[in-house]
Amino acid sequence: MFNLSANFIFDPLSIFFIFVILIVSSAAALYSHGYLKNAYTFPRKVFAWVLLLIFVCSMLLVVTGSNLLVFIIAWELMSLVSYFFVVFDFQYNRSIQAGMIYIVITHIGTAFLLAAFLMIYQAAHSFDFIALKDACHLLPMQTRNTIFLLLLIGFGTKAGIVPMHIWLPYAHPQAPSHISSIMSGVMIKTAIYGMIRFIFFILGITSPWWGILVLILAIISCLVGVIYALMEHDIKKLLAYHSVENIGIILLGVGLGMFFVSMNLPYLAVFALVAGLYHLINHAIFKGLLFLCAGSVCKATGTRNMEKMGGLIKRMPHTAVYFLIGAMAISALPPLNGFVSEWLTLQAFFLGALNTLGGTKVFLGICAAMLALTGGLAAACFVKAFGIIFLAQPRSQYAESAREVSWSMKAGMFILAALVIIFGLAAGSIVKLLIKVSAATLGVDGSALNLSAYNLTLNLQALMPGPVGKDSYLSLPYLAALLVILGAIFFVIYRLAKRKSLTYKTWDCGYYKVGSRNEYTATAFSKPFRIAFSFFLFPYHKTQKVRESFYHVKAFSYETHTTPVFKKYVYYPLLAWILKFARLLRRIQPGSIHLYLAYIFAVIILLIMFINKF
Amino acid sequence: MQEITLIGILISTCLMVVAKSLLALIRGFRWQSFFLFLATFLIAWKEAQPSLYIIAGLLLVIKVVLIPQLLYKIIKKIKVGQGLGLFVNTQLSLFFVLLFAYLAWDFSSQLIVYGSHAQAGIIAIALFLVLVGFFLMVSRITALAQVVGLLVMENGLFLLASAVSGGMPFFVEIAIFFDVFVSVVIMGSFVYRINKFFTHIDVDKLSHLRG
Amino acid sequence: MIILQALVFIVSAPFLSGLITKIKNNLRMRQGESILQPYYNLAKLSLKSEVLSETTSWIFKITPYILLASSLAGALLIPLFIYPAPLRGIGDFLALIFIFSLGRFFLSLAALDAGSSFGGMGSSREMFISSLVEPALCMVVFSIFLQFGSTDISVFCGAHQITAASLIGAVALFLICLAECARIPVDNQETHLELTMVQEAMILEYSGMRLAFIELAAYIKQMVFFFLIAQLIFPISLPAKGNFIGLLFWGLWYSGRIFIVALITALVEVSLAKMRLFRVVDYLGFAFLLGIIAVICAVIGV
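Residues numbered from 1 in each chain as written. Chains lettered and ligands numbered in written order. Predicted model: local features only at pLDDT ≥ 70, side-chain atom pairs only at ≥ 80, totals over all residues. Heavy atoms only, no water.

Trainee: Let's hear about the arrangement of the chains: which residues, and what values?
Mentor: By contact count, the leading pair among the two pairs of chains in contact is chains A and C. Of all C-alpha pairs spanning chain B and chain C, none lies closer than 55 Å, and the two are not in contact. (Contact = heavy atoms within 4.5 Å.)

Trainee: Describe in detail empty space enclosed by the protein, supporting the description with residues and values.
Mentor: Across all of its chains, the model carries eight cavities of 30 Å³ or more by this definition. In this structure, the largest cavity is lined by Ser331, Leu333, Gly375, Gly376 and Ala379 of chain A together with Phe98, Ser101, Arg104, Met127, Ser130 and Glu134 of chain C. Elements with a contribution of two residues or more to the lining of the largest cavity: helix H16 (359–390) of chain A together with helix H4 (93–113) and helix H5 (117–148) of chain C. Tallied by class, residues from the lining of the largest cavity come to four nonpolar, five polar and two charged. (1 Å grid on protein atoms, 1.4 Å probe; cavity = no way out; pocket = protein on both sides within 12 Å on 5 of 7 lines; lining within 4 Å. Points joined across faces, edges and corners; volume = space filled by probe spheres on them. Helix = DSSP H or I, 4+ residues; strand = E, 2+ residues; numbered from the N terminus. Nonpolar A, V, L, I, M, F, W, Y, C, P; charged D, E, K, R; others polar.)

Trainee: I'd like a rundown of the interface of chain A and chain C, residues and numbers included.
Mentor: Contacts between the two partners involve 80 residues from chain A, matched on the other side by 79 residues from chain C. Between chain A and chain C, the buried area comes to about 6,800 Å², and carbon and sulfur atoms account for 77% of it. Where chain A meets chain C, there are zero salt bridges. Our enumeration of links across chain A and chain C arrives at 21 residue pairs in polar contact (both at pLDDT 80 or more). Mapped by element, the contributors of at least two residues to the side of chain A that touches chain C are helix H13 (312–315), helix H14 (317–330), helix H15 (337–355), H16, helix H21 (476–497), strand S1 (501–504), helix H22 (522–525) and helix H23 (527–532) of chain A. A total of 17 residues in the side of chain A that touches chain C trace back to one element, the largest contributor, which is H16 of chain A. Each residue belonging to the side of chain A that touches chain C can be placed in one class, and the counts come to 55 nonpolar, 16 polar and nine charged. Relative to strand S1 (residues 50–53) of chain C, S1 of chain A runs parallel, the two being bridged by four bridges. By the bridge assignment for S1 of chain C, Thr503 of chain A is matched with Leu52 of chain C. (Buried area = accessible area lost by both parts, 1.4 Å probe. Salt bridge = Lys/Arg side-chain N within 4 Å of Asp/Glu carboxyl O. Polar contact = N/O pair within 3.5 Å; in protein donor to acceptor, adjacent residues only side chain to side chain. Pairing = 2+ DSSP bridges.)

Trainee: Got a sec to walk through helix H1 (residues 2–18) of chain B? Specific residues and values, please.
Mentor: The first and last C-alpha atoms of H1 of chain B sit 25 Å apart over 17 residues, in line with the 24 Å expected at 1.5 Å per residue. Within H1 of chain B the residues assigned to the buried category are Gln2, Thr5, Leu6, Gly8, Ile9, Ser12, Thr13, Met16 and Val17 of chain B. (Expected span 1.5 Å × (residues − 1). Buried < 20%, exposed > 50% of the residue type's maximum accessible area, 1.4 Å probe, protein only.)

Trainee: Now, about the packing of helix H1 (residues 2–27) of chain C against helix H10 (residues 244–271) of chain C: what can you tell me, with residues and values included?
Mentor: Residue and element names in this part refer to chain C. Where H1 meets H10, the closest approach of the two axes is 9 Å, and the angle between their N-to-C directions is 45°. Accordingly, the angle class assigned to the pair H1 and H10 is oblique. Of the two elements, H1 crosses H10, and the hand of that crossing is right-handed. Each of Phe15, Leu16, Leu19, Ile20, Ile23, Lys24 and Leu27 in H1 lies in contact with H10, whose residues at this interface are Ile258, Phe259, Ala262, Leu263, Thr265, Ala266, Leu267, Glu269 and Val270. (Axes fitted to C-alpha atoms, helices over the stretch in contact; angles between N-to-C directions. Parallel < 35°, antiparallel > 145°, perpendicular 65-115°, else oblique. Left-handed = near helix turned anticlockwise from the far one by under 90°.)

Trainee: Which residues make up a nonpolar patch on the surface, and what values go with them?
Mentor: All names here are of chain A. Where nonpolar side chains cluster on the molecular surface, the patch consists of Phe581, Leu584, Leu585, Ile588, Leu595, Tyr599 and Ile600 and spans about 640 Å² of accessible area. Listing elements by their share of the nonpolar patch, those giving two or more residues are helix H25 (565–586) and helix H26 (593–613). Structurally, Ile600 can be placed in helix H26. (Patch = residues over 30% accessible without salt bridge, like charges linked within 9 Å, V, L, I, M, F, W, Y side chains within 5 Å. Areas by Shrake-Rupley, 256 points an atom, 1.4 Å probe, with all protein chains shown as cover.)

Trainee: Would you mind going over the packing of aromatic side chains in detail, with residue names and values included?
Mentor: Taken as a whole and assessed by the stated rule, the structure comprises 66 aromatic pairs over all chains. A centroid spacing of 6.3 Å and a plane angle of 50° characterise the contact between Phe95 of chain B and Phe96 of chain B, whose relative ring orientation is tilted. Members of the aromatic cluster, each reached through a chain of ring pairs, are Phe71, Trp75, Phe117, Phe129, Phe155 and Phe198 of chain A. In this arrangement the basic side chain of Arg197 of chain A is found over the ring face of Phe201 of chain A, its NZ or CZ atom lying 5.0 Å from the centre. (Phe/Tyr/Trp six-rings, centres within 6.5 Å; stacked < 30°, edge-to-face > 60°. Lys NZ or Arg CZ within 6 Å of the ring centre and 35° of its normal.)

Okay, structure coming up:
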C-alpha cells in the first residue's frame, strides 16, 4: 500500500521549503565541523551529526508529506530531535529546564493540531491531502472556524506567535549554535508551511476575520518580540526574540494573503503571500547567519553575555563583517534582502488598502505603521548588539582573549552572508519565482503578474482589476550601484584632499584615562526604550550600598530588570491553577491497590446499572 | 444436569465469599473450577465438539489440580497466617454478593432478548463470577486473595465464552490457559518476594511506599 | 541631469541651514553669523587635519562615506526640477525612508566605536527617536499613497489639489522633519551639553573632512525633507514654455516655498524649548496621530 507518489507531494510550495531547509542546514552543517571541534568528545560529536541528519530529514518529511499521518509523524519526530538538541549540553541545569519547557509546550501545540486533524479526517475519511481538500470545502462554516482556530494555535505554538512564544527564548539559545540557527532559521518556518498548506490549500479561506486575526496576532508578535529583544543582553536570547518578531512579519504577509483571498482579490493575495514567503526565506538566511556568528562569538569568548564583550571587530574581523551583514539585513537596510521583503510587505498593505473600504483602510495603514515601528526598533536593537559586541574596547578578560574562529565556521557564515547579498540584489528574479510558488498554492494564474527582473515595478493594472493607482518602483541592483558609486566618489575626494591624519586617545573631557568601564553598556543603551515601553515592561531596579561609614560608600550595586509579563500574568497563574487541580486529584490517589481496584469495580457496577436503565 | 453444575458454581462461589482463611478460599476455588469443568464437559457433550473436550480436560488439570496445588505450596513456603484479612466482613460480603447476583441477572435478562432461558442463566452466572472475583480482589487484604480473585474472574469469562459461542476459538482458549497458569506462577513468586522483603503480604501496606 | 541634481543639492543644502540660523539670530535681536557660515565651516573642516581615536575601527572610518552616499542617494530619488525624477526607477518613498535609515544605522554604530560615553548616549537616543519616527513617517506615506495611488515620489510632486489630507500629512511630516534633522523641540544643534545632545554627541569624535561629510549629509537630508513638505503644501506645476519672465517667477516661487518651510522651522525653533527625551514619545505620538488623521481624511476623500 505504501506508494511513494501517494504519500509525498512535490508542488512548488514544498520545493520552496525544501530549498529553504537545505541551504540553511548545509551552511550550518559546514559550520558545525569547526564548532564541535574541541568542544565535545568524539562520541558526542558523532551523536550530534546523527541527530542533525535526522533533524533535517524530519523537516524535509514535514514539508513533503502529502498525508496527515506522514505529516504528524514527521512533525513529532522533528520536535523530539530538536528537544535532544536543546538538552544537548545536559550538564547545565538551564538546559534541562529549557528542554522541559520546550517539550511541554510543543506537545500542547501538537495536541491542538491533532484535534484539528481528527476533525478534518472525520470529514474526509482519508488521510490524503487532496481528498481532505475536497472534503473540507463541504464542511459547515462553524466547523471550519473551529478547525482554523485549532490549526492557528497548534502551528502558532511551533512558530512562536505571542503569547505562545514562551518556549522560544529558552529553547533556541540552549541548543548548540548551528542548531539554533537551524531551529530559528528553518524549524519554526515549518509551522508557517503548515499554516499555508492546511489553511490556504486544504481548508480554504472563507471569512475575512481569519486574516484579520492572524494580522493582529502577527503585529503583537512583532512588537513584543522586538521589545523583549531590546531588553535582552544574552546574545542568543536576543536573536531568539528576534525570531518571534520576524515570524510576526512573515505572518503579516501570510495573514494579508488570507484576508485578500477572503475579499476575493486573488492577485493581491498572491502578492501578499510572495511578500511573506520572501521574508521567510530571508529570515531563514540572515537569522541563520546571525546565530552562526553568535555561536562564533560565544565560542571565542566563552560567554553569552553581551556586557562582557566589546572590541571584537579587531580580534574577529571576519565574524564582525558577517554579523554586520546579518544585522543590516534584519534591520531592513537597503540593499540587502531584509529590506526587499519589508518593502514588499508594506506595499502589500498599501495596495490592499486601495482595494478595501473605509475602516479597513485605516486598519491596514496602522498595521503597516506598526511594521515600520518594528523595523525601527529592530535597527536600534542591532545597533546595540553590534556596537556592544564588536565595537569599542573589550569589556572583560573573555573578550580580550578572543581569537578568530576556524575556516569551516567562517565558510558556513560566508555562504549565508553571500546569500544575504544575493537575495537582496537579485530580488526581481526571486520575486518572479516566488510568484509561481504562491500562485500555484492559491490556484491562481500567476502569469499576469509580470515584474521585470531588475526592477520590482508593481504593475498595478496586472495586480488589480478596477481601482486607480500608478506603478511603484524599486530596483535593488541600481540602488546598490548608486550607493557604492556615491560612496566611492566621496572616498576618492577624501583621498585626493589628503589631509594629515593622526591617531590619539578618545576625548576624555580632560580626565586622565578612558577605559572600557566608561563605555556605554547594553543596559544603558536600551534604557530609553525601557522607559518608553514601561507600560508593558514594568521595569524595576534594585540598588544596594555597602557603606564603611555613613559618609563613605564603599561599593554600590545597581540592578535593573523587566517584568516578564506573559510569564507572570499568563503562564504562572495557569500553572498555579493546574497544580491546584492536580493536588485535588492527588487526594483520590492514596496508593492503596484495593482502593484503585474499588474505583474500577465501582465504575463497572455503575455501568451495568446504567445499561440496565436503558 | 447443567442446572446442577451451575448451582454448584454458585454455591462454591458463595463459599469463597464467606471463607475467612486462605485455605478455605482455595478450596472454594477448587470446587468452583470443578463445577466449571463439569459444565464445560456437558456443553461439549451436548454440542459434540471434540475441541471442547480437550479444553475441559485442560481445565481439570490446570485449575482444579495444578493451580490450587501451587497456591497451597506458596502458603506453606511463606508461612503466613491463615487469615485472609477482611475489609468487609463475611455477612456484609454475602449481602453484597446477593446484590451482585441480582444485578447480573437483571443485566443478562436484558441482554438476551431472544436467547433461551438457560443461556440467560449461564450469562448471569458468568457475570456474577466476574463481579465476585473483582469484589474479592477489592475486599480482601492479602495478595494471594487477589490472585484468587483474578482467577475467579477468569473463570467467569471462560464460562461466558463457552455459554455464548460454544467456547472461544480453540487456540485462544489454550493460550488463555497457559496465560493464566503462567500468571499464577509469576504472581506466586511475586507474593513470595513481597513476603520476603516486607515480612507480610498485606497489599494494603504497599501504600507506605508512596512518595 | 543626475549629476546636476546632486550638485544642486550639495551646493544649496548648507545655504538652508545658514538661512535658518540667520533668521533665528535676527529674531533673537542678534546680528548673527553670515548666511554662508555653513560653507565656511565645511571649507574649514575640509582643510584641517584629522584626529582619529585609537579605539576606533574601520566602521568609524567608512561611516561618513556611507552616510553622505545614502543622503545623496535619497536626494536623487526626488524630482527636484525634472519630472519624473531621473532615478525614479531606483526607489520610491518607502525606499527613501530605508535609505536614510541606512546612514543613520552606520552613524549610530560609529558613535559607539570610539568607546566614550557620549557616543553611546547619542547613539542610544538617536535610535530611540528614529525608531519612534518610523510609524509616523509610514502613516504620512500611507496618506499620500491613498491620495495618489502610488508610493512613487514623482507622482505627488507634480501639480495637485491641496486637500485636508495632504495639509495634515504635511504638518505631521514637518514634526517628523524636526525630529529627523535634530531641530529644537527634539534636539538642539547649538549646544554641546552632554545631557541634551543627540546628534552632536554621536559625531563628537569626528574631525576634519569626515566631519564635513557628516555635516553635509545632514544638510542634504534636511533639504530633502523641506522639499517634500513644500511639495505637499505648495504643489506646483511645470512652467509654461518660452516665457522668460514667467519662468523666472516660477523659479522664484519654486525655491521660495522651500524657504518658507525653512522660515517656519526657524520660528518654531525660536519659540519652543527643547523637550525632555521622554517627552519626545508624546511628541512623536502626536505626529503619528496626525498621520492617522491624514489617513482618515484621505479615506473620506477630503
